[in-house]
Amino acid sequence: MSIEDYETVIGLEVHAELSTKTKIFCKCPTKFGAEPNTQVCPICMAMPGTLPVLNEKVVEYAVKAGISTNCEIERDSKNDRKNYFYPDLPKAYQISQYDKPLCKGGFIEINVNGENKKIGITRIHIEEDAGKLNHNEFGQGSLVDLNRAGVPLIEIVSEPDMRSSEEVDAYLKKLKSILEYIEVSDCKMQEGSYRADVNVSVRKKGDTEFGTRTEMKNMNSFRSIVRAIEYERARQVEVIENGGKVEQETLRWDDVSGKTFSMRDKEDAQDYRYFPDPDLVAIRLSDEYIENIRKNLPEMPESRKDRYINELGLSEKDANFLTSSKAYSDMFEKAGEICKNYKAVCNWLNSDIARILNEKEQEPDQIPFSAENLAELVKLIDDGVISSSIGKKVLDELFANPRSPKQIIEEKGWVQISDENAIKEVVLKVIKENEESVLDYKAGKDRVLGFLVGQAMKETKGKANPKMLNEMFIEELKK
Amino acid sequence: MKVEKEELLHIANLARLKIKDDEIDKYLLNLQDILNFSNIVNNANVDELKETIGERNSSNVFRKDEIEEFDNIDQMIKNFPEEQENMIRVPKVVQ
Amino acid sequence: MDITELTVHELQEKLKNKELTVTEITKAYVNRINEKEKDVQAFITLTTDDAIKQSKEIEDKINKKEISGDLAGIPIGIKDNICKKGVKTTAASKMLENFVSPYNATVMEKINNENLITLGKTNMDEFAMGSSTETSYFKKTKNPWDLNRVPGGSSGGSAAAVASNMVPWALGSDTGGSIRQPAGFCGVVGLKPTYGLVSRFGLIAFASSLDQIGTFTKDIKDTAILLNVIAGHDEKDSTSANVEEKDYTKCLKNDVKGLKIAVPKEFFGEGINEEVKDALEKAIEKYKELGAKVEEVSLDIANYALAAYYIIACAEASSNLGRFDGIRYGYRTPNYTNLKDIYVNSRSEGFGDEVKRRIILGTYVLSSGYYDAYYKKAQKVRTLVKNKFDEIFKNYDVILTPTSPTTAFKIGEKSDNPLEMYLSDICTVSVNIAGLPGLSMPCGVDKNGLPIGMQLIGKHFDEETILNAGYTYEQATKFREKYKAELKK
C-alpha cells in the first residue's frame, strides 16, 4: 500500500502565554527579554517556605479563552501539582490542573480549501511556565534562567480531529487569532509565547481505531509544524509498511536536518503523581462572573468579517484574509478610519505587506510601522503626491526604517511632479527627441503613446504624474 | 499490598533517591510496616464521604495583577551552588 | 531575682516599672545560654551577639520614646524551619546547612515589628520529621528534666530552650503534634492554633495542609500574648483565614463554671501509660471541682487519623521536598558527572534516613496504581475525622486528652523503630487532620520526675475557650511554682 492509503490523525496541545503583567503565583513582572534572573523572587525561585497566590487575571483570561472557543466553564475547579525533576522547574513540581480544568468540551471552526470543519477542544487549563535553559555551545554546562518560571500559560488541548497538516495550520492560525482578538495572549511565536505539542498517528483509511501516536514537543513555527507532520506521517507509514510497529514516544523535531529524533530516556518511566495542591484553594466561579466576562468580550473575527463584507463592501476572500490575524485586522480598521480608503488599505496588506512578511518569515504582529503610517501612504497616493510605484518604494522604506511616509518622500525627493508647466516641459522635450515615434503616432500607431509616456517617466525618474503626462501627450500630439 | 524490591527501586528513582544495596531490606521492611498500618484507612467506612482537599474549605483566594519587584535577588544568587553570568550552572542537559 | 525564671508578662511588668532594662534582660538570657546550652543543645544557630547589639539599640529608642510597643526588647527563640532574612535557616538538615534566607517569614516580620529580640534558631527534627529531635543533622537536644531523655519533637529545641530558661518563649511548628508533644515532655505550655490562624508563609513546608506555626511559653497568659503577635490574615498565604483580630488575653477569665468538657475514652485505652492516665484523671477531678461539666464520650478515630496522617503528610512532603535538589540552593554533591547525579547524590547525601523514608512512602502512595487506595482514601478518612469532631463539638466546648501516651523516652530508645515512633503521635495527629486548635500544658509528673502533658482541643478558631480552660486549671494548680526549682538546675 502507498502513503495515500493511510489517514493521518493529529491532535494538538497548544501552550499560550497569557499577557498578564505579573506571573501566575507571584508579583514578578513577565516582560520578555530581561537580563537573566532579574524577574525573580523567592516564590518563583522556589525558596524554602514560600507559597503561591493565584493571579485573578489568569482565571479571567482562561475563562475568556474558554468562552471564545465554545467551552463549558467549570464552576468548581482546582490546581494540582505535577511532580518531576528538571533544572528549569524550581519547585520540582509544576502547578497545573489535572482532573478539573477551568474549561471543557468546546470547538473552533476552520476553513480548508473552502470547506468548513469543526475541531473539538477537549479542555483548557491554567498552569505555570518553566524557566529557560541556555545551552552553551562551547562551555561545559547549561545555564538556568528563571525569569520565565511562573509566567502564566493556558494549555488548549484539541481532540484528535485533524487529518492533514493543512488542517493543523488552519487550526493553529485560527486559535491564535482568537486569542489575539480577546487579548489574552500576544501569541508571539518567535518569543515562545505560542507553541504546540503535536501528536501524530496514522491508520489505514477506513479503520476506526487510532494508531499509536508520537508526540513532538514545544514547536513554535507554523512552517516547522507542517514539515514535521509531513515527515512523521511518512515515517510512520514506512514503519508500518515494513512490518514494524510505531512506538509511543516523545520526539524532537530538528529543523535543520528535517527529521525527528527520539527524546526521552525510555528507562526513566514518567509518573507525575498529580495531586491537589494543598497550598491553594478551590476556584469556584459563579454564573454571574462567567456571564460578566461573556458580555464584555471584544468583537470576534467572525463578526468583523461580516462587517467587512456587508458594510465596507470587501470580498469574502479579502475579509477572510484580514481577519485571519488580529494584527492585520486592527491595522486595516485603524488605517481605513484615518484615510477613508478601506479598499486601498486592504490591497496593501493583502499584496505587498503580506509578501514582504512572507519573504522575511515574519508574522503580521511584527509589522514595524504603524497604521497611521500606512494611512498616510494611501493618502499620498490618493492625493496624487506620489505614484503607486513610488508607493512601493516607500513601503520598503517603512519596513527598513519606519518613519512618516511624508518624511521619506521628502528625504528621497520622491514627490510626484504635478506642476503643469514642468510636465509640459518634459513632454515637449520627449516629442522633440523622438520625431520618428511622433510620426508613427500620427500615422495611427496608438501604441507609441505608451512608449513616449515611458520616456517621459524615465526623464523624471518616475516622479511625473502619469495621468497628467498621458493627457498632455495626447493634447500636444494633436497639434 | 506487598512491596517488591523492584517497586521500591522504581519509587526511589522517581524521588531521585539512591538506596544502597545493604539498605534495601531495611527500607522494604519499614515501608511494608507503615503501609500495613496505613491500610487501616481502607477499613474506614467512607464511601459516602467527599475528600478533604487542603485543610480549609475556602475558595477564590486571588491576588491583583500588580507588579512588585523583589529587592534581594543578590542573596538568592549567592545561594546558587554554581553561578555563571547570574545564572545557575548545571551539567549539560541533553535534549 | 533570677530574670530568666520570669514569664514574659512578669518581664513586661518589671520593664514598665523600670525595675529592669532591656539590656539587662538580654544579657541575663545570654548568660543563661552560655551556662546551659552545652548540656541542653537546644540551638542550631545562636544570634546572641546580634541580640546584645539589638538590645542596646532598642533600649536607646525606648529611652528616646521612638518606640513604644510593650513587647520591645523581649527575647525569643525561633524554630529553625522559620525563615529569617540574612540568617541561616537549616530545618536541621545537611541539605540547608549553609542556606541563608533571602526573605522573612510573615511571622518573622511580625516579631520584628514588635521589636522582639531573636536569641537564636532552635534545633528540631530534620524538616520537622520526627517526635524526638533526634533526626536533626546537627545535634541531639536533651530534655532539661533529664538529660538522658529526648525533649520530644519535632520542635524539641524550642521546648527545651523555654523549659531551661534560655528563652522566655519560642516559636515552633506543629504538623502532627510537633509543638504539643515536646511541650508535654518538657513541662511547658504549647499551642497549635487552628489551621489558617497563623500565616505559613516562610515556614519551610513539611505537610502544607497540616503545618501550623505556634507557641511555647511558660504559662497560658504568655501564650495569649504571643498569639496576639503572630495571628492574623496574610495575603501571601492562600490558606490563611480571614477572621477578625482578637485580643487573646481578654479571654483569660479564671472561670470554667458550666464549661462542657468531653473526655474521649479511646484516648485513655491501650498503650497509654498508667501514670499518665492517673495524672489526667486528677486533672479531670480538678475541672469538676472548678465547676466544669466533664463527660466521657466516644471518639473512635485515633488509628484511622494516624494512618491518614502518615499517608497525607508523607505524600505532601514528598512533593514539598522536591525543591531540595541541589540546583538553586542548598547542598550540591561534589560527586557528579551528569545532571541525574546531581539530583540523586545531592538528595541521597543531603537528606537523613527519616526524611528519605517519608519521601519514599509519600512517593509510593501518590504513584500510579496506589493513589486511590491510599491517598484518596486518606482524604476521605480526613473528612470522617472532621465529622466526628464536629459531632462532639455540637455538645461540648473542649475535648480533653493526654498529650502523649507516655512521658519523655530515653535518647535512642525508639529511633530504630519508625512505626513505634509514629504511634507516639496517636493523641495529637487527629487535631491536625481536623485543623483544630490544640493546647498542651503540664498536669503532673511521673515517678521519674518527668512532666505529663494534658491536651485541650477546641473548636475551629475558638482558641479563647481552650486558653481560658487552661488558664483556670493553671491558676488552680500552680504547676510551675511547684517545679520551678527543678528546672533551675
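Residues numbered from 1 in each chain as written. Chains lettered and ligands numbered in written order. Predicted model: local features only at pLDDT ≥ 70, side-chain atom pairs only at ≥ 80, totals over all residues.

With that settled, the discussion passes to the overall build of chain A. For chain A, the helix and strand inventory stands at 15 helices and 17 strands. Taken over C-alpha atoms, the radius of gyration comes to 29 Å for chain A, far larger than the 23 Å a tight globule of 479 residues would show. With the C-alpha coordinates of chain A rotated into their principal frame, the extents come out at 95 × 55 × 55 Å. (Helix = DSSP H or I, 4+ residues; strand = E, 2+ residues; numbered from the N terminus. Rg over C-alpha atoms; globule rule 2.2 N^0.38 Å.)

Residue and element names in this part refer to chain A. The sheet built from 9 strands is open, its strands ordered β3-β7-β8-β11-β1-β12-β13-β14-β15 with mixed pairing. In this open sheet, the two edge strands, each paired with only one partner strand, are β3 (72–73) and β15 (259–262). As defined by bridge partners, strand β12 (residues 194–204) adjoins strand β13 (residues 214–219) across 4 bridges and the pair is classed as antiparallel. Bridge pairing links Asn199 to Glu215 in β13. Strands β3, β7 (103–112), β8 (115–128) and β11 (152–158) of the sheet are contacted by helix α1 (residues 56–68), whose axis makes an angle of about 165° with β8. (Pairing = 2+ DSSP bridges. Contact = placed C-beta atoms within 7 Å. Axes fitted to C-alpha atoms, helices over the stretch in contact; angles between N-to-C directions.)

What follows covers the domain arrangement of chain A. Assigned domains within chain A: domain 1 (13–200 + 263–289), domain 2 (299–412) and domain 3 (420–478). Look at where the C-alpha atoms of domain 2 of chain A and domain 3 of chain A centre, and you get two points 33 Å apart. (Domains from an automatic or database assignment.)

What follows concerns unusual backbone geometry. Between Gly153(C) and Ser154(C) the backbone carries a cis peptide bond, its omega angle lying at 10°. Despite not being glycine, Asn113(A) shows a phi value in the positive range, around 50°.

This part takes up the nonpolar core. In this structure, Ala62(A), Val198(A), Ile76(C), Tyr304(C), Ala308(C), Ile311(C) and Val385(C) are the most contacted members of the largest nonpolar core, which totals 257 residues. The element best represented in this core is helix α9 (residues 302–320) of chain C, accounting for 13 residues. Among residues more than four places away in sequence, those in contact with Val385(C) are Ile301(C), Tyr304(C), Ala305(C), Ala308(C), Ser430(C), Ile433(C) and Ala434(C). The next biggest cluster of nonpolar side chains, apart from the first, holds 34 residues, and it includes Phe369(A), Leu374(A), Leu377(A) and Ile409(A). (Core = buried A, V, L, I, M, F, W, Y, C linked by C-beta atoms within 7 Å. Buried ≥ 20, exposed ≤ 12 C-beta atoms within 10 Å, placed from the backbone.)

Residues and elements named next belong to chain C. The terminal C-alpha atoms of helix α2 (residues 22–40), which comprises 19 residues, lie 25 Å apart, in line with the 27 Å expected from a rise of 1.5 Å per residue. Asn34 marks where α2 bends most, by close to 35°. Val22, Ile25, Thr26, Ala28, Tyr29, Val30, Arg32, Ile33 and Val40 are the residues of α2 that are buried. Where α2 is buried, its residues touch α1 (8–16), β1 (43–46), α3 (48–63), β2 (75–79), β3 (117–122) and α5 (156–163). (Expected span 1.5 Å × (residues − 1). Bend = angle between axes of the 7 residues up to and from the residue.)

Turning our eyes to something else, we now look at the environment of Ile3(C). All names here are of chain C. Inspection of the secondary structure puts Ile3 in the segment before α1. We classify Ile3 as partly exposed; it has 19 C-beta atoms within 10 Å. Residues Ile3 and Pro442, 439 residues apart in the sequence, show an inter-C-alpha distance of 22 Å. Ignoring any residue separated from it by four or fewer positions in sequence, one finds Ile3 in contact with Leu20, Glu24, Ile25 and Ala28.

Turning next to the pairing of strand β14 (residues 250–254) of chain A. Residue and element names in this part refer to chain A. Only one face of β14 is buried, namely the one carrying Leu251 and Trp253, since none of Thr250, Arg252 and Asp254 on the opposite face is buried. As defined by bridge partners, β13 adjoins β14 across 2 bridges and the pair is classed as parallel. When the bridges of β14 are listed, Glu215 appears paired with Thr250. Traced from β13 through helix α3 (residues 222–241) to β14, the parallel crossover comes out left-handed. Strand direction decides the pairing type here: β14 and β15, joined by 4 bridges, are antiparallel. Paired with Leu251 across the strands is Ser262, a residue of β15. Counting the residues that bridge the hairpin from β14 to β15 gives 4 residues, and of these Gly258 lies at a positive phi of roughly 70°. (Right-handed = clockwise from strand over helix to strand, strands pointing away.)

As a further point, take the packing of α1(A) against helix α4 (residues 287–295) of chain A. All names here are of chain A. For the pair α1 and α4, the least separation of the axes is 10 Å and the interaxial angle reads 70°. Compared by their axis directions, α1 and α4 come out roughly perpendicular. Of the two elements, α1 crosses α4, and the hand of that crossing is right-handed. On α4, the residues touching Glu60, Val63, Lys64 and Ile67 of α1 are Ile290, Ile293 and Arg294. Here the residues of the contact of α1 with α4 sort into 4 nonpolar, no polar and 3 charged. (Parallel < 35°, antiparallel > 145°, perpendicular 65-115°, else oblique. Left-handed = near helix turned anticlockwise from the far one by under 90°. Nonpolar A, V, L, I, M, F, W, Y, C, P; charged D, E, K, R; others polar.)

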